[in-house]
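# Inside the fold
Each chain, written out:
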Amino acid sequence: MSFERIQEKLKILADAAKYDVSCASSGSKRSNINKGLGDATGMGICHSYTEDGRCVSLLKILLTNYCIFDCAYCVTRKSNDIKRAAFQVQEVVDLTINFYRRNYIEGLFLSSGIFKSADYTMERLVAVAKKLRLEENFNGYIHLKSIPGASDELMKEAGLYADRLSVNIEIPTKEGLKLLAPEKNREDFIKPMLKVKNEIIQYQSEKKIIKSTPTFAPAGQSTQMIIGASGESDQQIMWTSNYFYKKFNLKRVYYSGYIPISHDPRLPQIGTDVPMLRENRLYQTDWLMRFYGFEVHEILNNEHQNLDLDVDPKLGWALRNMAHFPVDVNKADKFMLARIPGLGMKSVHKILQARQFRNLNWDHLKLMGVALNRAKYFLVCDSRDFERRDLTGPQLKSIILQNTTSKYQNILSPQLNLFG
């Protein structure tokens, strides 16, 4: 096939892949062996940033944008009048190796529309990873999107060659999926996720006994939800995330704000994109759930079904629960320290270690990186100077906002208030 045709395919299928945001990696331990190509040990992929600040990237494409389904929210739906293309298995392998050798990428993120059937598509995704590993001796990062409804046998094989697997559940609720994608069944998303979870557990157990046991999907599995296409509240979204984290041991849930692409009456109007700030608040809430010990019902409940866009969710919780403050940083436990606005988990650990040797004051906290512009209203320390004001939550919120500059300040608009 001519270079021009390959270039045309790449343009079409790379552009179609941009709507999938669940392509960062973490936790993969696949080292370079036998003088092969690449090394996925300890690094993030797809224009993510590693802990040392390094930016890394991957080839992010669809195998094809042909699809047998007609999901209202999807740009590759079968009824959409767009250019279609499909890569052959060997073409994807050649592109990956050639791009890697030119130092353009450090790995591959491969997804696909569903053509013919789930197994037919998944078989070709697995074939790409298998060829890269066995024929090209490629040890770089590979992320495969699992196809809903794919067989257990194919999912098991995929996990032996890919670093991470993911199935997009697409819409947060069953009702929303039925409305916008009536041809799809929620159980088809659940089946491959359950298989991957069970295989990871089994392989980890076997590896403790037999060291030569291969690693199965070392970077785990993730999923993605489209936000704003079917009208779910932030409360419904985060309850869904919480369920999948606990039920399937997911590494990450990604939140992709819906960009209206059609005049379908079931969907939001064109021009009413989901604000980036709403995505940001959902990720912050996700972080609080996974690393700070918060439960969903503490941040979002029937009285507060959507996140406040003016302040981050931890500050929002604190302003609604002023009775818990101020907290004495020299006495409080880890659980309560983590709930002080302005304190990250690194600062919490520093406080717990440092206070074994002396009581901490404002200067100590500042050196630890505590954001005192907000934390000072919620804590006391070994100092006569402290903020103790008889203020209500709304009053304190107003004061903090007046003294805070947000990177999202310029994009706030009346539209955002609809989600507040």
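Let me begin by describing the structure that accompanies this report. Keep in mind the model is a prediction, meaning the values are calculated, not measured.

By the definition in use, this model includes 12 aromatic pairs. Ring geometry for Tyr-203 against Phe-216: centres 5.3 Å apart, planes inclined by 25 degrees, an arrangement best described as stacked. Here Tyr-203 is found in helix H6 (residues 186–209), whereas its partner Phe-216 is found in the loop between H6 and strand E7 (221–227), with 13 residues between them in sequence. Summarising the burial analysis for this pair, Tyr-203 and Phe-216 share the class buried. Within the aromatic cluster, the residues linked to one another by ring pairs are Phe-294, Trp-317, Phe-325 and Phe-378.

All right, on to the pattern of salt bridges then. Considering all chains together, one arrives at 18 salt bridges under this definition. With a shortest N-O distance of 3.8 Å, Glu-295 and Lys-246 are connected by a salt bridge. Remark: Lys-246 occurs in helix H7 (residues 234–248) and Glu-295 occurs in the loop between helix H8 (276–291) and helix H9 (296–299); sequence separation between them is 49 residues. Given the relative accessible area of 35%, Glu-295 is considered partly exposed. Residue Lys-246 is classed as exposed on the basis of its relative accessible area of 56%. Between Asp-312 and Arg-374 there is a salt bridge; the shortest N-O distance is 2.5 Å. Taken together, the residues Asp-312 in the loop between H9 and helix H10 (313–320) and Arg-374 in helix H14 (residues 372–375) connect sequence positions 62 residues apart. Each of the two residues, Asp-312 as well as Arg-374, counts as buried. The network of salt bridges with common partners includes Arg-5, Glu-8 and Lys-83.

So, about helix H12 (residues 345–354). Those residues of H12 lying buried are Met-345, Ser-347, Val-348 and Ile-351. Along H12, the residues classed as buried sweep out an arc of 155 degrees about the axis, all on the same side. Turned more than 90 degrees away from the buried face of H12 sit Lys-346 and Gln-353, all of them exposed. Check the buried side of H12 and you find it contacts H8, helix H11 (334–337) and helix H13 (362–367).

Turning our attention to the environment of Ala-17. With respect to the helices, strands and loops of the structure, Ala-17 is situated in the loop between helix H1 (3–16) and strand E1 (48–49). For the pair Ala-17 and Lys-60, spaced 43 residues apart in sequence, the C-alpha separation works out to 6.5 Å. Discounting chain neighbours no more than four positions away, the residues touching Ala-17 are Lys-60, Ile-61 and Leu-62.

As enumerated under the stated definition, the model contains 0 disulfides in all. With no disulfide partner, Cys-74 has as its closest neighbouring cysteine sulfur the one in Cys-71, 6.1 Å distant.

Helix packing geometry: the angle between the two helix axes and the distance between the axes. Two numbers describe how helix H2 (residues 89–101) lies on helix H3 (residues 118–134): the axes approach to 9 Å, and their chain directions differ by 45 degrees. Between H2 and H3, the angle falls in the class oblique. H3 is crossed by H2, and the crossing has right-handed handedness. Here Val-89, Gln-90, Val-92, Val-93, Thr-96 and Ile-97 of H2 lie close against H3, whose contacting residues are Arg-124, Ala-127, Val-128, Lys-131 and Leu-132. Of the residues assigned to the contact of H2 with H3, the class counts are 7 nonpolar, 2 polar and 2 charged.

Cut-offs applied
- Residues numbered from 1 in each chain as written.
- Predicted model: local features only at pLDDT ≥ 70, side-chain atom pairs only at ≥ 80, totals over all residues.
- Heavy atoms only, no water.
- Phe/Tyr/Trp six-rings, centres within 6.5 Å; stacked < 30°, edge-to-face > 60°.
- Helix = DSSP H or I, 4+ residues; strand = E, 2+ residues; numbered from the N terminus.
- Buried < 20%, exposed > 50% of the residue type's maximum accessible area, 1.4 Å probe, protein only.
- Salt bridge = Lys/Arg side-chain N within 4 Å of Asp/Glu carboxyl O.
- Arc of directions from axis to C-beta.
- Contact = heavy atoms within 4.5 Å.
- Disulfide = S-S within 2.5 Å.
- Axes fitted to C-alpha atoms, helices over the stretch in contact; angles between N-to-C directions.
- Parallel < 35°, antiparallel > 145°, perpendicular 65-115°, else oblique.
- Left-handed = near helix turned anticlockwise from the far one by under 90°.
- Nonpolar A, V, L, I, M, F, W, Y, C, P; charged D, E, K, R; others polar.

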